[in-house]
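# Coordinate analysis (summary)
Take a look at the letters that make up each chain.
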Amino acid sequence: MLCFCLILLLEEISGGRMLSFSGLPGTGKIKENSLAGAWVYTFNVNLSSPSNTLETGDPIIINSNPLTKAFRISPVSLLQYNVATTGNPILDYETMPHTFELQILICDKAGAQALQILSVVVLDEDEPPEFQGNLATQTVMVYILENTPPGIVYQFHAVGSTNSTSTTLSYSWTPEGPFSVSPTGTIFSTKAFDYENDLPSYPLKITVNNGQGLNTTGTVIINIININDESPYFTIAKRVFGIKEEETIGTIVTTITAVDPDGELFNNSLHYSITAPQRIPYFSINPDNGVIQVASRIDRDIAPLNQHANITLEILAEDSPSYGQSSSITIVITIEDINDHPPECQRYVFREQFQETISPGTVIVDLQNICSDGDAVAPNNLFNFTGLSGVGSHKFAQDPPGSGRITLVGNMDLENKTGGAEKDYILKIVVEDIVWPFFRNNIYIFVRVLPVNEFMPVFSSPSYVFNASEILAGKSHPF
């Protein structure tokens, strides 16, 4: 313990009186943990003369053993003063000295001084138990992964007051929920948590009680960490889609959407891809938003689409492509045929020759088997023949109508002056689609009628009389 320095007291005698304290030396007592301004002790000052006054600011604490700023002096009345706590620091029986000796000095304006000692005894109080570690000063945040089996979540420690008559601490917590606290301060989970269905966090108020009505409360917040344990699922109900052939590259067919039950973090990272494309990549998918678009020319009229109009795609949705969960869905895109081909023929000019003795009903030319349409399916690949016209076309007809089977309906007799035939005919017929936009081509048919030696020579008179000279030379014409 530090030794006190001796201070000589100067006394001014005035009428047999001197400057002094009343009530000092003395002893004051104060409970630990008292707030600032708590009363410790009261004393009075006796002036050497009624006309004297104290120096401004007196009395003062000039020294303490041990040194401290925990006390101050404040006036109660003209010559009465209180010693009280400053709150800096708060007195603590367990960590600070139990006694303080304060040297209090007074001086008056005549130059007289007086010095006395006030002993302050700090009294031990039965304090609440205290948490140790982080829980003593702050809210503790604890994190556990979802699907973690029930078990230890957090271990905390608490101690009771040194002067408490109870040595056993007990714990309680609210809300009870899916947790328990052991008598040794261990927090246990009683279930495995599912982030998608349970609360994301659980604030626990932990109270430690010393059995004598004193307690302390701390907060532990247990947070459930979302993990990638759920596969995404598709939200589209429709699985079959249709698109016309020859659509422009970039045309949107549909949008594939999926949701990840693991929540927003993994939803934002969904990645879409086509896992089983056809040999020709007709379609592409935006990996970020699932939009399926036309990626190359689609011609329904050539293999393999002319035989199989359905394209099957397997769409994969992954929530984290390198290590995440995934799901797939199969969709079918049907390619619709359009009428984009005109009927085409092997020839568009025909030259036919027939003898004049040809009979009505004879087939001049049959166009049905030499024309075809490149469109894949009916009615786009159906056509007929119309508009038979040209010089002498009235002698020809389609049988049946529209079939392209052109037959003779008139007389081809070149010798018949009435209703007979011409030697040459030029016919035109149109081959045309039966549906919009009615593509067409013209076919020209040239028909030549050949004469036939079908009659015997006929004399113009039944008998003839000639006169010839007897002297006519040989091989001479008598007429």
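Our structure's up above, just so we're on the same page.
Residues numbered from 1 in each chain as written. Predicted model: local features only at pLDDT ≥ 70, side-chain atom pairs only at ≥ 80, totals over all residues. Heavy atoms only, no water.

Assignment of secondary structure puts Thr407 in strand β33 (residues 405-408). A residue is classified by how much of its surface remains accessible, and Thr407, at 4% relative accessible area, is buried. Thr407 has contacts with Gly361, Thr362, Val363, Ile364, Lys395, Phe396, Ala397 and Asp399, leaving out every residue within four places of it along the chain. (Helix = DSSP H or I, 4+ residues; strand = E, 2+ residues; numbered from the N terminus. Buried < 20%, exposed > 50% of the residue type's maximum accessible area, 1.4 Å probe, protein only. Contact = heavy atoms within 4.5 Å.)

Take the packing of aromatic side chains next. Following the criterion strictly, the structure yields ten aromatic pairs and no others. Note on Phe179 and Phe193: the rings are 5.5 Å apart at their centroids and 25° apart in plane angle, and the pair reads as stacked. Here Phe193 lies in the loop between β15 (186-189) and β16 (201-209) and Phe179 lies in strand β14 (residues 179-181), a separation of 14 residues in the sequence. Among the aromatic side chains, those forming a connected cluster through ring pairs are Phe21, Phe43 and Tyr81. If you follow Arg351 out to its NZ or CZ, it ends over the ring of Phe446, 4.5 Å from the centre. (Phe/Tyr/Trp six-rings, centres within 6.5 Å; stacked < 30°, edge-to-face > 60°. Lys NZ or Arg CZ within 6 Å of the ring centre and 35° of its normal.)

Turning our eyes to something else, we now look at the pattern of salt bridges. In total, this model carries six salt bridges according to the counting rule given. With its nearest N and O atoms 3.9 Å apart, the salt bridge here joins Lys244 to Glu336. Of this pair, Lys244 sits in strand β19 (residues 240-244) while Glu336 sits in strand β26 (residues 326-336), and the two are 92 residues apart along the sequence. Judged by relative accessible area, which is 36%, Glu336 ranks as partly exposed. Here Glu246 and Arg297 are joined by a salt bridge, their closest N and O atoms 2.8 Å apart. (Salt bridge = Lys/Arg side-chain N within 4 Å of Asp/Glu carboxyl O.)

Another point: the side chain of Asp299. Summarising the element assignment, Asp299 is placed in the loop between β24 (291-294) and β25 (310-318). A residue is classified by how much of its surface remains accessible, and Asp299, at 9% relative accessible area, is buried. At 3.3 Å, the side chain of Asp299 forms a polar contact with the side chain of Arg297. Of note is the side chain of Asp299, whose polar atom sits 3.0 Å from the backbone nitrogen of Asp301. Excluding residues that lie within four positions of it along the chain, Asp299 makes contacts with Glu245, Glu246 and Leu305. (Polar contact = N/O pair within 3.5 Å; in protein donor to acceptor, adjacent residues only side chain to side chain.)

The biggest cluster of nonpolar side chains holds 27 residues, and the ones touching the most others in it are Phe43, Val45, Phe71 and Val83. Those elements that provide at least two residues to this core are β3 (39-46), β5 (71-75), β6 (80-85), β7 (99-107) and β8 (113-123). Setting aside residues up to four positions removed in sequence, Val83 forms contacts with Ala38, Trp39, Val40, Tyr41, Phe43, Phe71, Arg72, Ile73, Leu102, Ile104 and Leu118. Core analysis: the second largest hydrophobic core is formed by 25 residues, Val253, Ile274, Ile298 and Ile315 among them. (Core = buried A, V, L, I, M, F, W, Y, C linked by side-chain atoms within 4.5 Å.)

Covalent bonding between the sulfur atoms of two cysteines is what defines a disulfide. For the structure shown, the criterion picks out one disulfide. Here Cys345 connects covalently by a disulfide to Cys371, the sulfurs 1.9 Å from one another. Given an S-S torsion of about 100°, the disulfide between Cys345 and Cys371 has right-handed geometry. Separated by 26 residues along the polypeptide, Cys345 in strand β27 (residues 343-345) and Cys371 in strand β30 (residues 371-373) bring together distant segments of the chain. Of the residues examined, Cys371 reaches a relative accessible area of 7% and is grouped as buried. (Disulfide = S-S within 2.5 Å.)

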